[in-house]
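Here is how the chains run, residue by residue.
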Amino acid sequence: MTDTAAFDLTIRNGRVSTANDTFHADIGVRDGVIVALGQGLPPGARDIDAAGRWVLPGGIDSHCHVEQLSGMGIMCADDFYSATVSAAFGGTTTIIPFAAQHRGNALPEVVADYARRAEEKAVIDYGFHLILSDPTEQALKHDLPELIKNGITSFKVFMTYDRLKLDDYQLLDVLEVADREGALVMVHAENNDMIRWVARRLAERGMTAPKYHAVAHTPLAESEATNRAVTLARMMDVPILIVHVAGLEAVRVVHSSQALGLPIHAESCPQYLFLTADDIDAPGLEGAKFCCSPPPRDAASQEAVWQGLIDGTLQIYSSDHAPYRFDASGKLPKGDATTFKDVANGVPGLEVRMPLLFSEGVLGGRISIERFVALTAANHARTYGLYPQKGTIAVGADADIAIWNPEREVTISTSMLHDNVGYTPYEGRTVRGWPEVVISRGRIAIENGQLHVERGSGRFVKRGTPEPVLRQRLTGNPNALVRKYFSADSAA
Ligand code: URP
Ligand code: ZN
Ligand code: ZN
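Residues numbered from 1 in each chain as written. Chains lettered and ligands numbered in written order. Predicted model: local features only at pLDDT ≥ 70, side-chain atom pairs only at ≥ 80, totals over all residues. Heavy atoms only, no water.

By the naming in an unreviewed UniProt entry, the protein goes by D-hydantoinase and is assigned to Achromobacter animicus. The UniProt entry for the protein carries the following comment under Sequence similarities (unreviewed entry): "Belongs to the metallo-dependent hydrolases superfamily. Hydantoinase/dihydropyrimidinase family." In UniProt, the protein has this text filed under Cofactor (unreviewed entry): "Zn(2+)". (UniProt positions renumbered as here; feature names shortened; annotations may be inferred.)

Engineer: Looking at this structure, I do not really get the coordination of the zinc ion (ligand 2). What am I missing?
Structural biologist: Four donors placed tetrahedrally around a metal ideally meet at 109.5 degrees, and six donors placed octahedrally ideally meet at 90 or 180 degrees. Of the protein atoms, only Lys156 (NZ), His188 (ND1) and His244 (NE2) coordinate the zinc ion (ligand 2), at distances of 2.1 Å. When the donors of the zinc ion (ligand 2) are listed by position in the chain, the intervening gaps give K-x31-H-x55-H. Here the zinc ion (ligand 2) and the zinc ion (ligand 3) are spaced 3.9 Å apart. Residue Lys156 is located in strand 10 (residues 154-158), and its partner His188 is located in strand 11 (residues 184-188); the two are separated by 32 residues in the primary sequence. You'll find Lys156 and His188 in the same group, each marked buried. (Donors = N, O, S within 2.8 Å, 3.2 Å for Na, K, Ca; no water. Helix = DSSP H or I, 4+ residues; strand = E, 2+ residues; numbered from the N terminus. Buried < 20%, exposed > 50% of the residue type's maximum accessible area, 1.4 Å probe, protein only.)

Engineer: Help me out: how do you make sense of the layout of surface pockets in this one?
Structural biologist: If a probe as big as a water molecule is rolled over the atoms, it shows which places are left empty. In this structure, the largest pocket spans a volume of roughly 410 Å³. Surrounding the largest pocket, 18 residues form its lining, Tyr161, Asp162, Ile195, His217 and Lys341 being those nearest its centre. Looking at the lining of the largest pocket, the elements with two or more residues in it are helix 5 (192-204) and helix 6 (211-216). When residues of the lining of the largest pocket are assigned to their parent elements, the largest contribution, five residues, is made by helix 5. Of the residues that constitute the lining of the largest pocket, the class distribution is seven nonpolar, six polar and five charged. (1 Å grid on protein atoms, 1.4 Å probe; cavity = no way out; pocket = protein on both sides within 12 Å on 5 of 7 lines; lining within 4 Å. Points joined across faces, edges and corners; volume = space filled by probe spheres on them. Nonpolar A, V, L, I, M, F, W, Y, C, P; charged D, E, K, R; others polar.)

Engineer: Which parts of the structure should I look at to understand the site of ligand 1?
Structural biologist: Looking at ligand 1, there are 13 residues lining it, with Lys156, His188, Ser293, Asp320 and Asn345 nearest. Asp320 places a polar side-chain atom, nitrogen or oxygen, 2.7 Å from a nitrogen atom of ligand 1. In the model, an oxygen atom of ligand 1 is placed 3.3 Å from a nitrogen or oxygen of the Gly346 main chain. Notes on ligand 1: free accessible area 260 Å², of which the protein chains cover 94%. Structurally, ligand 1 is housed in the largest cavity. (Near = heavy atom within 4 Å. Polar contact = N/O pair within 3.5 Å; in protein donor to acceptor, adjacent residues only side chain to side chain. Areas by Shrake-Rupley, 256 points an atom, 1.4 Å probe, with all protein chains shown as cover. Sits in = over half its atoms within 2 Å of the grid points.)

Spelled out as structure tokens, the structure:
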């Protein structure tokens, strides 16, 4: 910064949007933080003219898998470097991936291991959710409370995948701890036995092609488990968030639980807006590229997910980036003999998550720009305890900003992406609008198609109490079914 410059960076003449409003203003940034918003701000050491462009909060992707062993024991293709670079190129400035506990692992060691790898490699800021697969006494009584105090204020639990799934009793234990200690539980809601039962019969009949993944993961397995998760949360009077909602019936379960006034929150992802089960029905093993759980469904479900994002039933739009290469290291562990049961679950999407929604949602006239900001940034920050440090453009917030050119047309192709996956489910799709300049804590991270930040320069962000938990503390029902006997106070 020169002695004469008022700011390290001034972004001028842009059309600024937050989750609440849109206005024309200059932005002054000092020491990584927004320190001024107004007209005709003095020059910065670096001045960016954003005339004709849209200046938005950097995206937050609160559901992505990075350098993680999957539920089937397969390692992701992206490490913390490639994942964060890819995220940044797509306008995302904070990610919240998972520190995944596998059975027998001690939680403090799991988190320390992920923290070490991320600290070494990440180029943008990050937090962690836990994946909790082994809720021992030690975990429930000691480790989780300690980790929550240290800023890991959410954890994901699975109702499916043999290596990760918790039974209902364990889910109740986890909900109780979350309630008492102030964390949000994210639920992967699919009925494991329904899936196993169908999968086995399909396999016995030689129906092993990738397309049968979508048959085994029936929408009923999703809606049943969603309803069960809602019921468990209702019994405990505890908020939960259902991740990656895919099917029309699951959207309806979430919607009707909210209509009852229950604190049920929900997320969906690009694959449920832009793909269907027909994509999995591709020749040979090609369909494996589109296998994720729950799988993309049909046009009616796509429409229900759109509607849910529009009307607020679904508050979060994340990528669920689960990167596996189309080879023996990921999607095809048994080569040509790979059946749908062996295919690594998940699709990539960190980099294209926001451009897809900007193009189809905002420029397509389905959502406002403010709703776009809510779905891609502000709601993630609120839901996971990062607001208002992140997720908005306001004085005092981190200068995490993406400058979008709404006119730029981009045809998505694997070769232009920065992940390590080697394919994209959106190959050949043309989007309008692209984040041309991406700023992470005041640092120009992406400009002119180039990366300008160093490996290891991203920082861990300690998260506060999630807003759904704070809200529940204010509005929860002290006479709810079990709360009156086992309230947070009486357990403390
Ligand atoms: O298929 C998916 N979604 N893979 C990633 C793991 C998960 O369940 O989110
Ligand atoms: Zn999941
Ligand atoms: Zn996931």
